[in-house]
Amino acid sequence: MTLRLHQIDAFTERPFAGNPAAVCLLDAPRDERWMLAVAAEMNLSETAFLVRRGGDGEDADGFDLRWFTPACEVDLCGHATLASAHRLWEGGELAAGEEARFHTRSGLLTARRGGDGWIEMDFPARRPREVEPPAGLAEALGAPVRWTGAGGDDLLALLDDEAAVRGLAPDLGAVARLPVRGLIVTAAADPGADHDFVSRFFAPAVGVPEDPVTGSAHCCLGPFWAARLGREEVVGFQASARGGVVRVRPREDRVTLAGRAVTVLVAELTAEAGKVPAR
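Let's talk about the layout of surface pockets
Consideration 1: Here the largest pocket defines a volume of roughly 200 Å³.
Consideration 2: Broken down by class, the residue content of the lining of the largest pocket amounts to 5 nonpolar, 3 polar and 4 charged.
Consideration 3: Reported here for the second largest pocket is a volume of approximately 170 Å³.
Consideration 4: If you trace the second largest pocket, you find it lined by Leu5, Trp34, Ala37, Val38, Glu41, Met42, Leu269, Ala273 and Lys275.
Consideration 5: Per-element accounting of the lining of the second largest pocket gives the leading share, 5 residues, to helix α1 (residues 32-42).

What follows is the structure, given as structure tokens:
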């Protein structure tokens, strides 16, 4: 099987925006060291590896999906899941109206493509609970924090306004020393904006200094802002240099994340690159 990598910009409808992810469709499971080496070579926040399930019964449907940063495997990734679903429909592995089903370390995740080009994904909710800010948080951010919450293995920090989030220049070394996977920073959108809130996401401890658009963070942000604003659905803009839009609809212990995606690059791995790297 020829090994190809599709680089797909997720949570955007135009190239060179949103969050780029590499997607590799495999014919069989591969060694973890090789997948990590490929992810490090791609040097994107996430590289996704897909294997179609075989056999009989309900476990046979869909694909096994794993996500790797340049430094490690992660439990949940929204933009690389969006990119994976886009790849399967675009490549014809799934019919246009067929549901994408992914078996992951976070359980079964599904995705559907609407007629308007938006892809809706079913993810676990990570409703934040209020916690005391860890020592050094305000110093790491260089900005006052109004509220802090824990959502999964990430920390949520609420700032004063959209300008504070956009202008943030955190000390990434200090952020990496916080006892969390990543740091979500957020604020309400400016009046008249076409989104409800803004955010940024920093995870230097797992090899991602700043993630352009973070689907998993919106599993926390969506429930937080929907409750705060009294809305059933909210729209977030992740204010990184690339930027991207995520629609979120919380429902009990799940959330629907919606976004668009576009393929920007298709590459083929050489035979030598397909080998497991030496220890």
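Describing the environment of Arg105
Consideration 1: As for its placement among the helices and strands, Arg105 is situated in the loop between β6 (100-104) and β7 (107-113).
Consideration 2: Dropping the residues within four chain positions of it, Arg105 is found in contact with Glu73, Val74 and Asp75.

With respect to the environment of His79
Consideration 1: Note on placement: His79 falls in helix α2 (residues 78-91).
Consideration 2: According to the relative accessible area criterion, His79 is buried, its value standing at 1%.
Consideration 3: Counting along the chain gives 31 residues from His79 to Ala48, while the straight-line C-alpha distance between them is 9.7 Å.
Consideration 4: Ignoring any residue separated from it by four or fewer positions in sequence, one finds His79 in contact with Ala10, Phe11, Asn19, Pro20, Ala21, Ser45, Glu46, Asp211, Val213 and Gly215.
Consideration 5: Looking at His79, its side chain comes within polar contact range of the main-chain oxygen of Pro20, at 3.4 Å.

Quick word on the nonpolar core
Consideration 1: The biggest cluster of nonpolar side chains holds 51 residues, and the ones touching the most others in it are Leu50, Trp67, Phe102, Met121, Phe123 and Leu257.
Consideration 2: It is helix α6 (residues 215-229) that provides the largest number of residues to this core, a total of 7 residues.

Structural notes on empty space enclosed by the protein
Consideration 1: Within the structure shown, the criterion is met by 1 cavity of 30 Å³ or more.
Consideration 2: Looking at the largest cavity, its volume works out to about 110 Å³.
Consideration 3: At the level of elements, α2, β13 (197-203), β14 (208-211) and α6 are the ones that each hand at least two residues to the lining of the largest cavity.
Consideration 4: Here the residues of the lining of the largest cavity are counted per class, giving 7 nonpolar, 6 polar and 3 charged.

Details of the pattern of salt bridges
Consideration 1: This model, assessed by the stated rule, comprises 24 salt bridges.
Consideration 2: Linking Arg249 and Glu120 is a salt bridge whose minimum nitrogen-to-oxygen distance equals 3.8 Å. Taken together, the residues Arg249 in strand β16 (residues 244-251) and Glu120 in strand β8 (residues 119-124) connect sequence positions 129 residues apart.
Consideration 3: Relative accessible area serves as the criterion here: at 30%, Arg249 is assigned to the partly exposed category.

Brief notes about the pairing of strand β11 (residues 154-158)
Consideration 1: Taken across its 5 residues, β11 has 5 buried, putting it largely inside the fold.
Consideration 2: Residues of β11 alternate between two faces, with Asp154, Leu156 and Leu158 on one and Leu155 and Ala157 on the opposite face, all of them buried.
Consideration 3: When strand β10 (residues 147-151) meets β11, the two strands line up antiparallel, connected through 5 bridges. The residue of β11 that forms the bridge with Trp147 is Leu158.
Consideration 4: Counting the residues in the hairpin turn of β10 and β11 gives 2 residues, including Gly152, whose phi is positive at 65°.
Consideration 5: Here 5 bridges tie β11 to strand β12 (residues 182-188), and the two strands are oriented parallel to one another.

Rules of the game
Residues numbered from 1 in each chain as written. Predicted model: local features only at pLDDT ≥ 70, side-chain atom pairs only at ≥ 80, totals over all residues. Heavy atoms only, no water. 1 Å grid on protein atoms, 1.4 Å probe; cavity = no way out; pocket = protein on both sides within 12 Å on 5 of 7 lines; lining within 4 Å. Points joined across faces, edges and corners; volume = space filled by probe spheres on them. Nonpolar A, V, L, I, M, F, W, Y, C, P; charged D, E, K, R; others polar. Helix = DSSP H or I, 4+ residues; strand = E, 2+ residues; numbered from the N terminus. Contact = heavy atoms within 4.5 Å. Buried < 20%, exposed > 50% of the residue type's maximum accessible area, 1.4 Å probe, protein only. Polar contact = N/O pair within 3.5 Å; in protein donor to acceptor, adjacent residues only side chain to side chain. Core = buried A, V, L, I, M, F, W, Y, C linked by side-chain atoms within 4.5 Å. Salt bridge = Lys/Arg side-chain N within 4 Å of Asp/Glu carboxyl O. Pairing = 2+ DSSP bridges.

None of this, on its own, says anything about what the molecule does.
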